[in-house]
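These are the residues of each chain, in order.
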Amino acid sequence: MFEIRVICTKPEAPEITKALSEAFATGPVRQYPARDGDRVRLYVTAEQAMTRWPAPETAYAKAPSIISEIGCTARGARDCLHGVHVREFWLRKAALLDRIALTDDDPVGGDAATLANEAARRLIDLDGARALDHPDELPRVS
């Protein structure tokens, strides 16, 4: 937990408060006049938000059906073997496996979850991204 102090104009305060609450898990904002009399001081207690990923319902709200994605991923495997659309293939495969894992009896430690994590790590490696802030952290939504 940490304290944030912002000095801003009074009209900017609501927008800054909203941005802070979107970026962090925040407590109530305390507002006081600044010493110059023209601006305000905002104080807010905050902590790093625990959810790094959107909820599955949000992440997959507009996704095609699982059956449709299986077909698309199977067709994409052929192109991937020839070096075409490799990133799209791994993105679709990781999302498909994640969705399947979410329906499994063990959505975190089951076989489908293991495959989904492997596909997600492959996508992260392909993008050249660091494996999150904590390398042991699972890259899936669940």
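On a predicted model such as this, the values are computed, not experimentally measured, just so you know.

Structural notes on the sheet that holds strand β2 (residues 24–33)
Item 1. Taken together, the three strands give an open sheet; going across it, the order is β1-β3-β2, and neighbouring strands pair in antiparallel fashion. Each edge of the sheet is formed by a strand with only one pairing partner; in this case those strands are β1 (2–9) and β2. Taking the axes of each pair of neighbouring strands and ignoring which way they run, one obtains an average angle of 25° across the sheet.
Item 2. Two elements, β2 and strand β3 (residues 39–48), share eight bridges in a ladder whose sense is antiparallel. Opposite P33, over in β3, you have V40 as the bridge partner.

Quick notes on the environment of F24
Item 1. Along the chain, F24 turns up in strand β2.
Item 2. Separated by 22 residues in sequence, F24 and A46 have C-alpha atoms that sit 6.1 Å apart.
Item 3. Apart from residues lying up to four places away in sequence, F24 is in contact with F2, I4, A46, E47 and Q48.

As for the confidence of the model for the chain
Item 1. When pLDDT is averaged along the chain, the result is 84, and 84% of the positions lie at 70 or above.
Item 2. Model confidence for the chain, summarised as mean pLDDT per element, is weakest for helix α3 (residues 66–81) at 83 and strongest for β1 at 94.

Details of the side chain of R99
Item 1. Along the chain, R99 falls in helix α4 (residues 86–102).
Item 2. Buried charge without a salt bridge: R99, with E69 as the nearest opposite-charge side chain at an N-O distance of 5.6 Å.
Item 3. Polar side-chain contacts of R99 include one of 2.7 Å to the backbone oxygen of P64.
Item 4. Apart from residues lying up to four places away in sequence, R99 is in contact with Y60, A63, P64, S65, I66 and E69.

Here's the deal with the pattern of salt bridges
Item 1. Per the counting criterion, the structure on display carries five salt bridges.
Item 2. R92 is the partner of E88 in a salt bridge, and the nearest nitrogen-oxygen pair spans 3.2 Å. Remark: R92 and E88 occur in helix α4; sequence separation between them is four residues, near one turn of the helix.
Item 3. Taking the relative accessible area as the measure of exposure, E88 reaches 40% and is therefore partly exposed.
Item 4. In the salt-bridge network here, residues are joined through shared partners; they are E69, E88 and R92.

A closer look at the packing of aromatic side chains
Item 1. As enumerated under the stated definition, the model contains three aromatic pairs in all.
Item 2. Ring plane angle 85° and centroid distance 5.4 Å describe the contact between F2 and F24, whose orientation is recorded as edge-to-face. With F2 in strand β1 and F24 in strand β2, the pair connects residues that are 22 residues apart, well separated along the chain.
Item 3. Exposure remark for F2: the relative accessible area of 33% places this residue in the partly exposed category.
Item 4. The exposure class of F24 is partly exposed, given its relative accessible area of 23%.
Item 5. For R99, the ring lying beneath its charged end belongs to Y60, and the centroid distance is 5.7 Å.

The rules behind each value
- Residues numbered from 1 in each chain as written.
- Predicted model: local features only at pLDDT ≥ 70, side-chain atom pairs only at ≥ 80, totals over all residues.
- Heavy atoms only, no water.
- Pairing = 2+ DSSP bridges.
- Helix = DSSP H or I, 4+ residues; strand = E, 2+ residues; numbered from the N terminus.
- Axes fitted to C-alpha atoms, helices over the stretch in contact; angles between N-to-C directions.
- Contact = heavy atoms within 4.5 Å.
- pLDDT = per-residue confidence, 0-100.
- Buried < 20%, exposed > 50% of the residue type's maximum accessible area, 1.4 Å probe, protein only.
- Lys, Arg positive; Asp, Glu negative; His and termini not counted.
- Salt bridge = Lys/Arg side-chain N within 4 Å of Asp/Glu carboxyl O.
- Polar contact = N/O pair within 3.5 Å; in protein donor to acceptor, adjacent residues only side chain to side chain.
- Phe/Tyr/Trp six-rings, centres within 6.5 Å; stacked < 30°, edge-to-face > 60°.
- Lys NZ or Arg CZ within 6 Å of the ring centre and 35° of its normal.

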